[in-house]
Amino acid sequence: MNCYSKRNCNEVGLACRGSLNLQEARIHTDPTTNNLIISASSQSVHLKAQNEIDRQQWLTALEHARHRAIKQADSEEDEESMMNSMQDVKAVLDHVNNSLNTKIDELRSIEKQLKKHATELTKFLGKTEEARQYHEKYSQLKKSIEAMVNTSEELVELTVKDSRTLTRYANNEHEQRIRLQEQIETLAKQHSNLERAAFSSSTSGEQPPYLDSDEETFVDANDGSDDFKSMENERKSGSSRQESFSDEHDAEIFNAEIVTPRGNELSLENSMTPAIRNGARKRREAIPERPQITISLWSIMRNCIGKELTKIPMPVNFNEPLSMLQRLTEDLEYAYLLDRAAEKTDPLEQICYIASYAVSSYSTTGTRTTKPFNPLLGETYECDRTDDLGWKSFTEQVSHHPPATAHHANGKKWIMHQDFTMTSRFRGKYLSVTPTGITHVKFKDQPNWYTYRKITTTVHNIIVGKLWIDNHGEMQIENHYTGDKCILKFHAYSYFSSEKPRKVSGIVKDKNGVARWLIQGYWDKSIDILQVTKQEKGAKTVLETELPRRVWTINPPYPNSEKMYHFTKLALELNEPEEGVAPTDSRLRLDQRWMEEGRWDEANSKKQELEERQRTVRKKREAEAERAMQQGLPYPEYTPCWFEKTQDESTGSVIYTFKGDYWDCKTRREWSRCPSIF
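Bear in mind that the values here come from a model prediction, so they are computed numbers and not experimental data.

On to the environment of Glu52, then. Turning to its location among the elements, Glu52 is positioned in helix H2 (residues 52-84). Spatially, the C-alpha atom of Glu52 lies 9.0 Å from that of Thr33, the residues being 19 residues apart in sequence. Residues in contact with Glu52, not counting those within four places in the same chain, are Pro31 and Asn34.

The space that makes up the second largest pocket amounts to roughly 760 Å³. Those elements that provide at least two residues to the lining of the second largest pocket are H2, strand S9 (391-400) and helix H13 (600-630). The element contributing the most residues to the lining of the second largest pocket is H13, with eight residues. Residue composition of the lining of the second largest pocket, grouped by class: 14 nonpolar, seven polar and eleven charged.

Quick look at the UniProt feature "coiled-coil region" (unreviewed entry) in the protein now. Here the UniProt feature "coiled-coil region" (unreviewed entry) sits at residues 59-120 and 600-627. Segment residues 600-627 splits into 100% helix and 0% strand. End C-alpha atoms: 41 Å apart.

This part is about the nonpolar core. Counting 61 residues, the largest nonpolar core has Ile477 and Leu488 as the members making the most contacts within it. If we ignore the near neighbours within four places in the chain, the residues touching Ile477 are Ile351, Ile354, Ala355, Ala358, Tyr450, Thr451, Tyr452, Asp484, Lys485, Cys486 and Leu488. The next biggest cluster of nonpolar side chains, apart from the first, holds 15 residues, and it includes Ala404, Tyr656, Trp663 and Cys665.

Because each turn of an α-helix spans 3.6 residues, side chains separated by three or four positions in sequence point in the same direction. For H13, with 31 residues, the first-to-last C-alpha span of 45 Å sits near the 45 Å given by 1.5 Å per residue. Of all the residues in H13, the buried ones are Trp600, Ala603, Asn604, Lys606, Lys607, Leu610, Arg618, Glu622, Ala625, Glu626, Ala628 and Met629.

The next subject is the sheet that holds strand S1 (residues 26-30). Spatially, the three strands line up as an open sheet ordered S1-S2-S3, and their pairing is antiparallel. In this open sheet, the two strands that pair with only one neighbour each are S1 and strand S3 (44-48). In this sheet, neighbouring strand axes are inclined to one another by 15° on average, regardless of whether the strands run parallel or antiparallel. Pairing geometry for S1 and strand S2 (residues 35-39), over five bridges, is antiparallel. Considered in S2, the bridge of His28 is made with Ile37.

Our next topic: unusual backbone geometry. Of note, the phi angle at Arg502 is positive, near 65°, even though the residue is not glycine. Of note, Arg502 is situated in the loop between strand S18 (485-490) and strand S19 (503-509).

Of the residues in the protein, 76% reach a pLDDT of 70 or more, and the chain-wide mean stands at 80. For residues 1-14, every residue scores under 50 in pLDDT, and the model assigns this stretch 23 contacts once sequence neighbours within four places are set aside.

Among the seven residues of strand S11 (residues 414-420), six are classified as buried, and the element is accordingly described as predominantly covered. Direction of pairing for strand S10 (residues 403-410) relative to S11: antiparallel, over a ladder of six bridges. Following the sheet pairing, His408 is matched in S11 by His417. Counting the residues in the hairpin turn of S10 and S11 gives three residues. Alignment of S11 against strand S14 (residues 439-443), held across five bridges, turns out to be antiparallel. Residue Gln418 lies in a different strand from S14, and its bridge partner there is Thr439.

With that settled, consider the pattern of salt bridges. Side chains that differ in sign of charge can pair as their charged atoms come close. Within the structure shown, the criterion is met by 36 salt bridges. Put simply, Arg281 and Glu576 hold a salt bridge, and the shortest N to O gap is 3.6 Å. In this pair, Arg281 sits in the loop between strand S5 (267-268) and helix H7 (297-301) while Glu576 sits in the loop between helix H11 (569-574) and helix H12 (590-596), placing the two residues 295 residues apart along the sequence. Look at the salt bridges and you will find they share partners, linking Arg281, Glu382, Glu576, Glu578, Asp585, Arg587 and Lys666 into a network.

This part takes up the packing of helix H9 (residues 336-343) against helix H10 (residues 347-360). Between H9 and H10, the least distance of the axes is 8 Å, while the angle of their chain directions is 175°. Taken together, the axes of H9 and H10 lie roughly antiparallel to each other. Together, Leu337, Leu338, Arg340, Ala341 and Ala342 of H9 and Gln350, Tyr353, Ile354, Ser356, Tyr357 and Ser360 of H10 make up the contact between the two elements. In terms of residue class, the contact of H9 with H10 is built from seven nonpolar, three polar and one charged.

About the cut-offs
- What you see as residue numbers is a count from 1 along each chain, following the sequence as written.
- Only residues with pLDDT of at least 70 are given local features in this predicted model, and only at 80 or more are side-chain atom pairs given and counted; all residues enter the totals for whole chains, interfaces and linings.
- Heavy atoms throughout the structure, all of them, feed into the side-chain values; hydrogens and water do not.
- Think of it this way: any DSSP run of H or I at least four residues long counts as a helix, any run of E at least two long counts as a strand, and we number them from the N terminus.
- Residues count as neighbours in contact if any of their non-hydrogen atoms are within 4.5 Å of one another.
- Only protein atoms enter the 1 Å grid used here, on which a cavity is any set of points holding a 1.4 Å probe that cannot leave and a pocket is any open set flanked by protein within 12 Å on both sides along at least five of seven lines; residues with an atom within 4 Å of a point are listed as lining.
- Grid points are joined across faces, edges and corners, and a volume is the space filled by probe spheres set on the points.
- Note that Gly is not counted as nonpolar here; it falls among the polar residues with everything else outside the nonpolar set of Ala, Val, Leu, Ile, Met, Phe, Trp, Tyr, Cys and Pro and the charged set of Asp, Glu, Lys and Arg.
- UniProt positions are given in the numbering used here, feature names are shortened, and annotations may be inferred rather than shown by experiment.
- For our purposes a nonpolar core is just a set of buried Ala, Val, Leu, Ile, Met, Phe, Trp, Tyr and Cys residues, chained together by side-chain atoms within 4.5 Å.
- Buried means the residue's accessible area, taken with a 1.4 Å probe over protein chains only, is under 20% of the maximum for its type, while exposed means over 50%, and partly exposed covers the values in between.
- Helix span, as expected, comes to 1.5 Å for every residue beyond the first.
- Paired strands, as defined in this entry, are two strands with at least two bridges between them according to DSSP.
- Helix axes are fitted to C-alpha atoms over the stretch in contact, other axes to C-alpha atoms as well, and angles between N-to-C directions run from 0 to 180 degrees.
- Each residue carries a pLDDT score, the predictor's own confidence in it, on a scale running from 0 to 100.
- Whenever a carboxyl oxygen of Asp or Glu lies within 4 Å of a side-chain nitrogen of Lys or Arg, that contact is scored as a salt bridge.
- The cut-offs work like this: below 35 degrees is roughly parallel, past 145 is roughly antiparallel, 65 to 115 is roughly perpendicular, and the gaps in between are oblique.

Quick look at the structure:
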């Protein structure tokens, strides 16, 4: 959709201002104001209709256009799925030829039926004048039908002949592709060797994430000052890379010289997860160990370069026994940071804790290279940890196009909600995932309201070597009440740099753009914050700070976690069976449950069954939408059970907000609105 106007752009003196992918867009309308919002990952477009009739016409036209885009994408996806199930090009062409021959047989059958009915009709009419005229018309019709059948047979013969030529060409292309894949694998191995050689010649002494390690290092709260000293030494020696930032002023501050009081002592508050409260229910402490079944990830993904991750059919061998809904719930593992943020009266200090919480959600990705299960449309997950951790959470898969998850959580003094959508691309040696939704944090007794977008996660060494994950990019956290902002930089790993991997640095600025706090640390270890006491500008900006204070430290690895998908304690508990949950809850997915139990063959079969069932439901809705479109009628889009689509007050985009009645329905065991998806 290139221009939202019923008239030509030249007629109204306006130029089209870009385009939106309707397949992945959300459409929201407000009948009271006659406004329409088309929200995509990159931008949102707002339309103002003249009246209610105009608004309905726009809405119908947009929904029909969106339906056509989705139908085309689903059709291409089904074709790709069919082709992926076939072994080679010959099988694809044989399938085409068989389909054509089947249609020819159907035409011949219809021809026989027409001849039979014509003979019966001739006997019925007798030898009247009307019968003679009928025979003339019938002869013409018969000749036309015979000509159509003959032409169809010629088409089939021509197709078969051309398909042989195409087969030879395709087989040649297939052989060249195999040779290219072998060359890519060879280059990947050479690249891996170069990385190791570069590390061997490096003087940093820090082990890169792609090398195997017999022992993982975790920062203890009693000896964390070494990391701070190391980061200070990098700055003072000038060995840090000059990073690029979206704002020149930010870059100047990031590369400033930092002066701290003598001693470089680290102030430590309780930066570990608080102990479980007394009286909380006992939860499981282990799951079955992961079976040692090896399969090449490259063998699955080498034909999927350029595709979206959600459209790549993968066996459970590469999964972990959690759904994406449960993986999002893991963001709350260090939710005590939000509890402490709620206690702060200074919003500039408060935003430091919000930033630390945002960083902590990436802490498990350093060791977790497995993929969560893609949720089915309408799938939900509840997690009520009020009794021990002080929060409860609910997630629902609210959309299929684009795949979107809505997440809402409540603490004692805070509310967090997020829309999770993402774009993903497989580029051969690496796979990148970029979330496009927005996370909101609000406090119940304060007006401060924070939002931020998550950064890109990249999985490396898809072809050869040890899989490893890097998180990189720039995250901006904004307080919409005060105008304060925090810029967090997740530094991309480079084997040419002397910096330690997985580094995070950030600045907190007030509404006037003055630096007030600094943030330093590593997303898999800890985060320190430093209050800026003085800023001097000259040839190089100098920032004087208080002593660093550690506000977050990653929990030590759970015992035997390396045999249980590298799960944390919280992750081990997320899929524990629980009575009274909705029939759409992720705990009730048999493919996921069987995978957790080590029954992988059964899990793979069930996974395919569930996915095929979802495709059948999708095609039924598409057929209903097609009929409605042909009749010029609106067709309602899928409506989530527990969330509703609204306009975000801060960004103007379309989001899903929690209705709030799930927990009441759970108390009453009222699940009549839940779809049957498992």
